[in-house]
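# Observations on the three-dimensional arrangement
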Amino acid sequence: MDDSEKRISPQNFPSKLTFYVAICWFLAAFGGLMFGYDIGISGGVTAMDDFQIKFFPKVYEKKLHAKEDNYCKYDDQNLQLFTSSLYLAALVSSFGASKACEKFGRKPTILIASVFFLAGAALSAAAMDVAMLIVGRILLGVGVGFGNEGVPLFLSEIAPVKHRGAVNILFQLFVTIGILFANLVNFAVSKIHPYGWRISLAIAGAPAAGLFIGSIVISETPTSLVERNKLEQGHKTLKKIRGVDNVDAEFNQIKAACEAAKQAKSPFKELMKRSSFPPLIIGILLQVFQQMTGINAIMFYAPVLFQTVGFKNDGSLLSAVITGVVNVVSTVVSVVAVDKVGRKALLLEACVQMFISQMAIGFILHLNLTATGSLTKVEAGVVVFLVCFFVMGFAWSWGPLGWLIPSETFPVETRAAGFACAVSSNMLFTFVVAQAFLSMMCHLKAYIFFFFAAWIFVMGLFVVFLLPETKGVPIDAMNERVWKKHPVWKKFMD
Ligand code: BGC
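Residues numbered from 1 in each chain as written. Predicted model: local features only at pLDDT ≥ 70, side-chain atom pairs only at ≥ 80, totals over all residues. Heavy atoms only, no water.

As recorded by an unreviewed UniProt entry, the chain carries the name Major facilitator superfamily (MFS) profile domain-containing protein and is attributed to Linum tenue. We quote the UniProt Sequence similarities (unreviewed entry) comment for the chain here in full: "Belongs to the major facilitator superfamily. Sugar transporter (TC 2.A.1.1) family." Taken verbatim from the UniProt record of the chain, the Subcellular location (unreviewed entry) comment is "Membrane". (UniProt positions renumbered as here; feature names shortened; annotations may be inferred.)

Following this line, the structure appears as structure tokens:
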């Protein structure tokens, strides 16, 4: 090793932006789009009359009755199961996906995701009864479980070290584009009777087909190849993706990390050690809190929610499109800001913004929306504004950072397993919120928004007292520079 090589720090491993890396980003786009499209599509579809008449006639009947209750008209367990079954399947399958990632590599894991996704899209678009619809959603869920484990790990491993944060948030950016795209599709097809909803559900196959082709074109990540003892192939791949010949320093680091990881018995056993608790607790709590902001109550049920506060079908879908645009644009802010202002500042600012929004929405609905009345145009407009204000705060903080921080705080030996725990916590709480929201709204009425506000208050305290700042800390120096120095977490690190 000559002097120049010794001076290469992980932040400066040589790399160029190669065509191959661009293809990989494209791949990430389809992975994120796939997830986002599904988050965005169900709210609009479940609000469509044709869909309700075919699968949930009772919900449709209830909606038609003149004196229906604003807060309860969509409260139906089966309707909620349609939305939330996907997340239950994703929750279970993300553990299988973490095994597949380790044993077979990232590439096959992503391929499996796209195949499940294609099958799920076909089945749900062709559904003749509720059972077929739900089985379709479950297949989509397995796709999401494999995709959300495989794609972010794949991305972290092919991204040059100095761009890892931004590349990671790119995944979230495409999630938000997927949500927006879904809202636009719903808006466009809602006038095609009686099968517009089938088009919405079928289009989910498009990003999956892109991911399928992508996963055949790309090659495996160097880390995964080295992990499975394919050293020569790993070295060749690293040269290809970095676009330079001088990759020995980075390759040696990957090799050393993989060798250290082999000393650990089983990643999940390793996670149960006291010293693994800090990143594990933080990773899980970030995902749980991310969901308890109430974001998906808004994302899944935005059209339903806007109908509830007095918009007609068209107006409510349009409002959901507006929310979608705000979501995408604000995520771009995060890409730019995250490595400058830091993680904690973004999360804390957003807590204040989201707390104000949820409280204000709660008060407006509590004071002005009786069970059978409706809001005035101005009041409804203010609610849409507040929802946008809320989404804006979420999108530049808890949205992307809920995924970024768990991917950067685990040491390599527990990274895939620890990240799987974070992914499945996300899916579990997404499921819980999706399943419970419409019933909770029926029982709690406008107080549901105060419920989310209370969670946001707790999250603010969590950021102040328990969350360490990880901005600018190299990924393999977290133990020394972050956990061992934190007043609370250092007690776990002896
Ligand atoms: C969350 C999703 C949410 C999306 C909204 C993601 O980070 O995990 O549950 O729907 O952000 O943009």
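Helix and strand counts for the chain stand at 23 helices and zero strands. By the compact-globule yardstick of 23 Å for 494 residues, the chain fits well, its C-alpha radius of gyration being 23 Å. Each of the three principal axes of the chain carries a C-alpha extent, and together these read 80 × 50 × 35 Å. Among the 494 residues that make up the chain, the fraction classed as buried is 59%. Put simply, of all contacts in the chain between residues at least 6 apart along the chain, 81% involve residues at least 24 apart. (Helix = DSSP H or I, 4+ residues; strand = E, 2+ residues; numbered from the N terminus. Rg over C-alpha atoms; globule rule 2.2 N^0.38 Å. Buried < 20%, exposed > 50% of the residue type's maximum accessible area, 1.4 Å probe, protein only. Contact = heavy atoms within 4.5 Å.)

Moving on to a nonpolar patch on the surface. Taken together, the side chains of L348, V352, F355, I356, F457, V458, L461, V464 and F465 make up a nonpolar region of the molecular surface, amounting to roughly 810 Å² of accessible area. Those elements that provide at least two residues to the nonpolar patch are helix 18 (343-368) and helix 22 (447-465). With respect to the helices and strands, L348 occurs in helix 18. (Patch = residues over 30% accessible without salt bridge, like charges linked within 9 Å, V, L, I, M, F, W, Y side chains within 5 Å. Areas by Shrake-Rupley, 256 points an atom, 1.4 Å probe, with all protein chains shown as cover. Salt bridge = Lys/Arg side-chain N within 4 Å of Asp/Glu carboxyl O.)

Here we take up the state of the cysteines. For the coordinates displayed, the defined rule picks out one disulfide. Two residues, C72 and C442, share a disulfide whose sulfurs are 2.1 Å apart. Between C72 and C442, the S-S torsion sits near 95°, and that sign places the bridge as right-handed. In this pair, C72 sits in the loop between helix 4 (57-64) and helix 5 (77-103) while C442 sits in helix 21 (residues 412-444), placing the two residues 370 residues apart along the sequence. When its relative accessible area of 10% is taken as the criterion, C72 is described as buried. Its relative accessible area of 13% is what places C442 among the buried residues. With no disulfide partner, C421 has as its closest neighbouring cysteine sulfur the one in C101, 14 Å distant. (Disulfide = S-S within 2.5 Å.)

Moving on, we get to the packing of aromatic side chains. For any pair of aromatic rings, geometry is given as the distance between the ring centres together with the angle between the planes. Inspection of the entire model under this criterion finds 22 aromatic pairs. Where F116 meets F146, the ring centres are 6.4 Å apart and the plane angle is 25°; that geometry is what we call stacked. Of the two residues, F116 is situated in helix 6 (residues 106-125) and F146 in helix 7 (residues 130-158); the sequence distance between them amounts to 30 residues. Arranged with centres 6.4 Å apart and planes meeting at 85°, the rings of W483 and W489 form a pair that is edge-to-face. Here the aromatic residues F51, F55, F56, F82 and W197 are joined through ring pairs into a cluster of three or more. The residue whose ring lies beneath R137 is F82, and the NZ or CZ to ring-centre distance is 4.8 Å. (Phe/Tyr/Trp six-rings, centres within 6.5 Å; stacked < 30°, edge-to-face > 60°. Lys NZ or Arg CZ within 6 Å of the ring centre and 35° of its normal.)

Turning next to the side chain of N168. Along the chain, the position of N168 falls in helix 8 (residues 164-189). At 3.1 Å, the side chain of N168 forms a polar contact with the side chain of S407. When near neighbours in sequence (up to four residues on either side) are disregarded, N168 contacts S156, W403, L404 and S407. (Polar contact = N/O pair within 3.5 Å; in protein donor to acceptor, adjacent residues only side chain to side chain.)

In this section: helix 17 (residues 313-341). Here helix 17 spans 41 Å end to end across 29 residues, near enough to the 42 Å set by a 1.5 Å rise per residue. The largest bend in helix 17 comes to about 35°, at V335. (Expected span 1.5 Å × (residues − 1). Bend = angle between axes of the 7 residues up to and from the residue.)

Residues H193 and P194 are joined by a peptide bond in cis, for which omega reads -5°. Examined against the element boundaries, P194 turns out to sit in the loop between helix 8 and helix 9 (196-203). Even without a glycine there, the phi angle at N229 is positive, about 65°. Inspection of the secondary structure puts N229 in the loop between helix 11 (222-227) and helix 12 (231-242). Given a relative accessible area of 58%, N229 falls into the exposed group. Of note, the phi angle at K445 is positive, near 55°, even though the residue is not glycine. Looking at the secondary structure, you find K445 in the loop between helix 21 and helix 22.

It is worth spelling out the site of the ligand at this point. Around the ligand, the structure places 13 residues, and the nearest of them are Q172, Q290, Q291, N296 and W403. Here an oxygen atom of the ligand and a backbone polar atom of G399 are 3.2 Å apart. Within the side chain of W403, a nitrogen or oxygen atom sits 3.0 Å from an oxygen atom of the ligand. Protein coverage of the free-state accessible area of the ligand, which is 310 Å², stands at 100%. Elements with a contribution of two residues or more to the shell around the ligand: helix 8, helix 15 (277-292), helix 16 (295-308) and helix 20 (398-408). Split into classes, the residues belonging to the shell around the ligand amount to five nonpolar, eight polar and no charged. (Near = heavy atom within 4 Å. Nonpolar A, V, L, I, M, F, W, Y, C, P; charged D, E, K, R; others polar.)

The residue S334 is located in helix 17 in this model. Classification of S334 by relative accessible area gives buried; the value is 0%. Side-chain polar atoms of S334 contact the backbone oxygen of W396, separated by 3.5 Å.

Here we take up the nonpolar core. If you look at the biggest cluster of nonpolar residues, it comprises 140 residues, and the most contacted ones within it are F51, L365, W398, M427 and F437. The element that contributes the greatest number of residues to this core is helix 2 (residues 19-47), accounting for 14 residues. (Core = buried A, V, L, I, M, F, W, Y, C linked by side-chain atoms within 4.5 Å.)

Time to look at the environment of Y87. For Y87, the location among the structural elements is in helix 5. Filtering out sequence-adjacent residues up to four positions away, Y87 remains in contact with F35, D38, I39, R137, F300, M427, T430 and F431.

Look at helix 6 against helix 10 (residues 205-217): their axes get within 8 Å of each other, and the N-to-C directions meet at 155°. Judged by the angle between their axes, helix 6 and helix 10 are roughly antiparallel. Read as a crossing pair, helix 6 and helix 10 show a hand that is left-handed. Listed contacts from helix 10 to K107, I110, L111, S114, V115, F117, L118 and A121 of helix 6 are G205, A208, A209, L211, F212, S215 and I216. Of the residues in the contact of helix 6 with helix 10, the class split is eleven nonpolar, three polar and one charged. (Axes fitted to C-alpha atoms, helices over the stretch in contact; angles between N-to-C directions. Parallel < 35°, antiparallel > 145°, perpendicular 65-115°, else oblique. Left-handed = near helix turned anticlockwise from the far one by under 90°.)

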